[in-house]
Amino acid sequence: MLLALALIIKGLTAILIQTIFIRELLVLFSGNELTLGIILGSWILFQAVGAGIISRKKLPDNYFFFSLFQSFIVIISFFSLILLRNSRLILDKLPGESFSLIGISLISVFILAPFCIFDGWLFKLGSSVITDKNHAHKGVSFAYALEALGVIIGTAIFFVFIKEQIMVINQIFILAIFNLASALLLALKYQKCSIKRFLFFLSSILLITFFLVSLKTNYTGEYLSKRSLGNLFFGLEIIENKNSKYSNICVGKKDNQKTLFVNGRPVATFPYDNTGFNENFSHLALLEHNNPKNILLIGNYYGLINEIVKHDVKKINYLEHDAILVESFKNLSKDELENPVVDITITDPRNFIKHSTQKFDIVFINYGASSNLNTNRFYTYEFFTLIKHALKDNAVIALTCQGTESSYSEELKNINIHLLNTLKKSFNYLKVIPGENNIILASETMINLRPDHLFYNLKKRNIQTSFFNKQYLELLLDNSRNRWFWDSLKNNDLKYNLDLKPILVLDNLSFYSAKSFLKHKSIYSWINKINPFNIFTLLLIVLSVCIIISRKRKYFFLEYIAASTAFSEMLLILSILIAMQVYFGVIYSKIIIITTSFMAGLSLGTLVGYKISIRKNNLILIKTCETGFILLSVLILILFKKSLLLNEFILYLIASAIGIAHGIEFPAVNKTYLSAKPKNNIATIYTVELLGSFLAAVSTTILLIPILGIPNCIILVILIKLYSLVYLKLTRG
């Protein structure tokens, strides 16, 4: 009973620590969700190292070391958190400055490796002691199910007791108490070692407990939290740090300036004179329109509303889906938002546009760049198609993109090409005003942008500006500047940005990585040139080689099935996470629910699969599971193709179904493998699965989804699992 409880606490701890570190790393990596693959890949890889490599070392007393490792595992996570929050200071990175791909990978490895290695080792130790040697497969299956049960309980604790506003350091303290209590109870009941070792172990626990109790005091906990956050945004005094269901919101102060960060990315500085940009961005679109009255504003409002109201507009609909972010904005600068023509609507802008009957003259999208999935959802073909239905005749949509006054690098060129390709596919007419920030106007009707017409409207409306005059407009809209811009972008690349194929997010990651590490130019240049057909061709070659290996190595097919199932489920789960962010923008808070839905299905499936594997032919059961996985993947593909996944609950059901399919299969594969090769490490199949998950994690978000798109990734899964049936047929033959 105590050991079962310890394994449940292990699962509980793992999901909560994973959630903490995913959130913290997303903030460190400026909210780019494509780094999720690297984060999860690092997590899985070092769990595999712990379960399959380090755990091969024979220990004299598994109960003792299980208790010992459990007592230290949360302490390890505390020091990893402190290291994470000092990463910018150590690597001399300014707040908001992006990391290169190598930097992201190295940080993920160093931060996650200590906890994950011990967590994987704990799984092996728990599997070893929960049952006897004659039923090794039973121990692994039970440990698997109990850990999944702990994940479910951990999620409930997170949402019911811990909640989002409790300091992360205090969350770790709570977990430490759970683990220390479990470790101590286990040590007292199952202690079979010398009294000296036991006293040493007990003293260590008491010292750690004393340390944690001192940490719990309000002064120490709050001090460490503020100090570590101050190092994360070094050079700034942290005056506000909150978590909403959409993001982390932090306000830092230096001298008399305050900067608002959303998931580690600076979105506004108060006070800040950005008059030049705000005048260009607002007035070019408003002066082009002869009578702009109804305005839709999506994104950062600061300074922009003050310019828009100069045009005697009737109403500005300001959309923001995060109420906590709006409150933070108001605390810093509320004058613009209190203007009587401004109507603040707290809602998802996509959902608002989809259901609104209002029509707009001008739409401003002011997120700066689609550097993450949360903002990318407003720069896709699907969104532009949706917003067209909310436009009046002669309406104009205005947005910006990174630019330059000198020469375009390949990475910057790709960002502009792919965004413009997407707009061209959606609107009949485009105009680009080049600069450090390229201003883009799109419409279904002709856009002229004649300096004399704009200046006439400026005078007619009696608008006072700091920069706008006739000479400035003639220089800004000079034809030679426009020709230079389009000549700089000459390229045959016809890719465009889609909800489920977010190539602009990869482009932005490439751009910021190249600025930090020049060698990344060749890496991303290679990725952008990959043809989807080549990926499928390479896969077919690899799978065919695996058939040859399976003919020479008798039980290779079981290792392939385990690895391919783990690869496929990770690819599908990441696809669901990406889809959830695209459709709802809530991955920051809902990633734990998707994970728990999967683990709940996995737990149920493992218990059911274990009972079936005792009575039935395991090869037949494996074949049935593989067929079921293929049918499930086909169903998911149809749902994506028909856009039927626009409901969170359906996504949770799919995650559970993936877990059930995997859970039923795992005991059958594990039992068959250990029956044929009893001398192997009992965690071999578990380790093989972790390696399969690792390969999917590191390739899915950085390579497969941006290049193939989610629907084609699911087709790839179907192909991989069809080969499993081929292997089973060859083996039985």
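Residues numbered from 1 in each chain as written. Predicted model: local features only at pLDDT ≥ 70, side-chain atom pairs only at ≥ 80, totals over all residues. Heavy atoms only, no water.

Q: Sorry, what's going on with the pairing of strand S11 (residues 437-443) here?
A: Residues in a regular strand project their side chains so that they alternate between the two faces of the sheet. Within S11, 6 of the 7 residues are buried, leaving the element largely enclosed by the surrounding structure. Taken together, the 6 bridges between strand S9 (residues 391-402) and S11 define a ladder with antiparallel strand orientation. Looking at the pairing, Gln402 lines up with Asn437 of S11. Relative to S11, strand S10 (residues 429-433) runs antiparallel, the two sharing 5 bridges. The residue bridging Ile433 from the neighbouring strand is Ile439, located in S11. (Buried < 20%, exposed > 50% of the residue type's maximum accessible area, 1.4 Å probe, protein only. Helix = DSSP H or I, 4+ residues; strand = E, 2+ residues; numbered from the N terminus. Pairing = 2+ DSSP bridges.)

Q: Got a minute to help me understand the nonpolar core in this structure?
A: Ile594, Phe640, Ile658 and Leu716 are the most contacted members of the largest nonpolar core, which has 158 residues in total. Per element, the largest residue contribution to this core is 20 residues, and it comes from helix H23 (residues 556-584). Ignoring any residue separated from it by four or fewer positions in sequence, one finds Phe640 in contact with Leu500, Ser575, Ala579, Tyr583, Leu645, Ile710 and Ile714. Of all hydrophobic cores here, the second largest spans 42 residues; its members include Leu325, Phe329, Phe364 and Ala398. (Core = buried A, V, L, I, M, F, W, Y, C linked by side-chain atoms within 4.5 Å. Contact = heavy atoms within 4.5 Å.)

Q: What is the right way to look at the confidence of the model for the protein chain in this model?
A: Summing up the model confidence of the protein chain, the mean pLDDT is 82 and the portion of residues at 70 or higher is 86%. When pLDDT is averaged over each helix and strand of the protein chain, the minimum, 58, is found for helix H8 (residues 195-216) and the maximum, 95, for strand S8 (residues 360-366). (pLDDT = per-residue confidence, 0-100.)

Q: Explain empty space enclosed by the protein to me, please; I cannot follow it from the model alone.
A: Left-over empty space is what a probe sized like a water molecule reveals as it rolls over the atoms. Counted by the stated rule, this structure contains 4 cavities of 30 Å³ or more. Taken as a whole, the largest cavity spans an internal volume of roughly 590 Å³. Residue lining of the largest cavity: 26 residues in total, with Gln18, Gln47, Thr595, Phe598 and Met599 positioned closest to the centre. At the level of secondary structure, the elements contributing two or more residues to the lining of the largest cavity comprise helix H1 (2-28), helix H2 (36-52), helix H6 (136-162), H23, helix H24 (587-615) and helix H27 (684-708). Its residues assigned to classes, the lining of the largest cavity shows 17 nonpolar, 6 polar and 3 charged. (1 Å grid on protein atoms, 1.4 Å probe; cavity = no way out; pocket = protein on both sides within 12 Å on 5 of 7 lines; lining within 4 Å. Points joined across faces, edges and corners; volume = space filled by probe spheres on them. Nonpolar A, V, L, I, M, F, W, Y, C, P; charged D, E, K, R; others polar.)

Q: Looking at this structure, I do not really get the pairing of strand S2 (residues 248-254). What am I missing?
A: Across the 7 residues of S2, 5 count as buried, placing the element largely inside the fold. Inspection of the sheet shows strand S1 (residues 237-243) paired to S2 by 6 bridges, in the antiparallel sense. Bridge pairing links Ile238 to Gly252 in S2. Counted along the chain from S1 to the antiparallel partner S2, the turn is 4 residues long. Sheet analysis places S2 next to strand S3 (residues 257-262), joined by 6 bridges and oriented antiparallel.

Q: Would you mind showing me how to read the packing of aromatic side chains here?
A: By convention here, two paired aromatic rings are described through the distance between centres and the angle between planes. This model, assessed by the stated rule, comprises 22 aromatic pairs. Arranged with centres 5.3 Å apart and planes meeting at 85°, the rings of Phe378 and Phe383 form a pair that is edge-to-face. On the basis of relative accessible area, Phe383 is assigned to the buried category, the value being 0%. Taken together, the aromatic side chains of Phe270, Tyr301, Tyr302, Tyr318 and Phe329 make up a single cluster linked through ring pairs. Above the plane of the ring of Phe99 lies Lys93, whose end atom (NZ or CZ) is 5.6 Å from the centre. Directly above the aromatic system of Phe427 lies the positively charged group of Lys388, at a separation of 6.0 Å from the ring centroid. (Phe/Tyr/Trp six-rings, centres within 6.5 Å; stacked < 30°, edge-to-face > 60°. Lys NZ or Arg CZ within 6 Å of the ring centre and 35° of its normal.)

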